[in-house]
Amino acid sequence: MMLPAYAGAVDGVVVKLMKTGGLREALRTIHTARANDMKIMLSCMIESSVGVTAAAHLAPLCDHLDLDGPLLIGNDPFSGIRYDGANLFLPEGPGLGVLPISK
């Protein structure tokens, strides 16, 4: 991981679950950034509720969130994270809590 090489040169990092390789690598990146006194912004790409709901489980470890991916698509086949203005709410079901939307 090249992240420690940037310590002192940048104030923070943007962590995207899909670009880091999943929950485990995102968590490792977050911990490495914290160990190097960096801020963390948890973000996403334009993606369904599956990826963004998974990412949202890491939200308490981050300083800033940009998890609006499901709001940018019109055909999200899943329900998961819920939005109420700027507030995010995780589903309460087992695992990630994501469910397929019945058509």
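Notes on the structure in this doc start here. Keep in mind that what you see is a predicted model, and the values were worked out from it rather than measured. Within each chain, residues carry numbers counting from 1 in the order of the written sequence. Where totals are concerned, whole chains, interfaces and linings use all residues; where local detail is concerned, this predicted model gives features only for residues with pLDDT of at least 70, and gives and counts side-chain atom pairs only at 80 or more. Hydrogens and water molecules were not included; the side-chain quantities draw on all heavy atoms of the structure.

**Quick look at the overall build of the protein**
In terms of regular secondary structure, the protein is built from three helices and seven strands. Taken from N to C terminus, the helices and strands of the protein fall in the order β-α-α-β-α-β-β-β-β-β. Here the C-alpha coordinates of the protein stretch approximately 50 × 25 × 20 Å along the principal axes. In the protein, which comprises 103 residues, the proportion classed as buried is 33%. For the protein, the proportion of contacts with a sequence separation of at least 24, taken over those separated by at least 6, is 59%. Using the Shrake-Rupley algorithm and a 1.4 Å probe, accessible areas are obtained, with residue cover drawn only from the displayed protein chains. Surface accessibility of the protein: about 6400 Å² in total, with carbon and sulfur atoms responsible for 56%. Taking the average location of the 8 positive side-chain charges in the protein and that of its 10 negative ones, the two points are 5 Å from each other. In this text, helices come from DSSP runs of H or I with a minimum length of four residues, and strands from runs of E with a minimum of two, each type numbered from the N-terminal end. The classification of residues rests on relative accessible area computed with a 1.4 Å probe and restricted to protein chains. Under 20% of the type maximum is buried, over 50% is exposed, and intermediate values are partly exposed. Throughout, a residue-residue contact means that at least one pair of heavy atoms, one from each residue, lies within 4.5 Å. Residues scored as positive are Lys and Arg, those scored as negative are Asp and Glu, and His as well as the terminal groups of each chain are ignored. Each charge is placed at NZ for Lys, CZ for Arg, CG for Asp and CD for Glu.

**A look at the pairing of strand E2 (residues 39-43)**
Note: two strands are recorded as paired if DSSP finds a minimum of 2 bridges between them. In terms of strand pairing, strand E1 (residues 12-16) meets E2 through five bridges, oriented parallel. Bridging across to E2, Val15 finds its partner in Leu42. Pairing analysis gives three bridges linking E2 to strand E3 (residues 64-66), with the strands arranged parallel. Considered in E3, the bridge of Leu42 is made with Leu65. This β-α-β element, E2 to helix H3 (residues 49-56) to E3, shows right-handed connectivity. The path from the first strand over the helix to the second decides the hand: if it runs clockwise while the strands point away from the viewer, the crossover is right-handed.

**Description of the side chain of Ser43**
With respect to the helices and strands, the residue Ser43 is situated in strand E2. In this structure Ser43 comes out as buried when scored by relative accessible area, which is 5%. The residues contacting Ser43, other than those within four sequence positions of it, are Val14, Val15, Lys16, Leu17, Asp66 and Leu67.

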